[in-house]
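Chains, contacts and geometry: an overview
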Amino acid sequence: MFSAALACPRVTVHLIRRLFASVLEAAETVPRIATALDEVRATLRHLERLLTYVAEELPELTDHLDHIRARVAALEEHTREPAGHE
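So, a few notes on the structure that sits alongside this text. Source: prediction; values computed, not measured.

1. Overview of the overall build of the chain
Helix and strand counts for the chain come out as one helix and zero strands. Total accessible area computed for the chain in this model is approximately 8,300 Å², and 66% of it derives from carbon and sulfur atoms.

Structure, rendered in structure tokens:
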């Protein structure tokens, strides 16, 4: 009977210690989570800047491609012409 009476406080103390350790562990992870979120935000800002750059440059790249296609087409036509027409 005496050992049963002492077991209850021991179990309670053990549970309180485990709870306290869990709370401390969770509190230690909060700064790491905050740092990870800051890194994700920075990455998203960088991606936004890159996408803005690409969106601004895309029309110019399309124009360059159209000029290159026109030059290639002209070269192809020039090589198809018979040699006697010059």
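2. Focus: the pattern of salt bridges
Throughout the structure, instances matching the rule amount to three salt bridges. For arginine 69, the salt bridge identified is with aspartate 66, shortest N-O distance 3.6 Å. One end of the pair is arginine 69 and the other is aspartate 66, both in helix 1 (residues 2–80) and three residues apart, which spans about a single turn. Exposure remark for aspartate 66: the relative accessible area of 40% places this residue in the partly exposed category. With its nearest N and O atoms 3.8 Å apart, the salt bridge here joins arginine 80 to glutamate 76. Pair noted here: arginine 80 and glutamate 76 are both in helix 1, with a separation of four residues, about one helical turn. Judged by relative accessible area, arginine 80 falls into the exposed class, the value being 62%.

3. Considering the environment of threonine 29
Mapping threonine 29 onto the fold places it in helix 1. A polar contact of 2.7 Å, which involves the side chain of threonine 29, links it to the backbone oxygen of alanine 26.

Criteria and thresholds
- Residue numbers here run from 1 along each chain, matching the order of that chain's written sequence.
- At least 70 in pLDDT is required for a residue's local features to be given in this predicted model, at least 80 for side-chain atom pairs to be given and counted, and no such filter applies to totals for whole chains, interfaces and linings, which use all residues.
- In computing side-chain properties, one takes all heavy atoms of the structure into account and sets aside hydrogens as well as water.
- Helix and strand assignments come from DSSP, with helices taken as H or I runs of at least 4 residues and strands as E runs of at least 2, each series counted from the N terminus.
- The method behind every accessible area is Shrake-Rupley, applied with a 1.4 Å probe, and residues are considered shielded solely by the protein chains displayed.
- Salt bridge, as used here: a side-chain nitrogen of Lys or Arg that lies within 4 Å of a carboxyl oxygen of Asp or Glu.
- For each residue, the accessible area found with a 1.4 Å probe, counting protein chains only, is set against the maximum for its type, and the residue is called buried under 20%, exposed over 50%, and partly exposed in between.
- Here a polar contact means two N or O atoms within 3.5 Å. Within protein one must be a hydrogen donor candidate and the other an acceptor candidate, and residues neighboring in sequence count only if both atoms are side-chain atoms.

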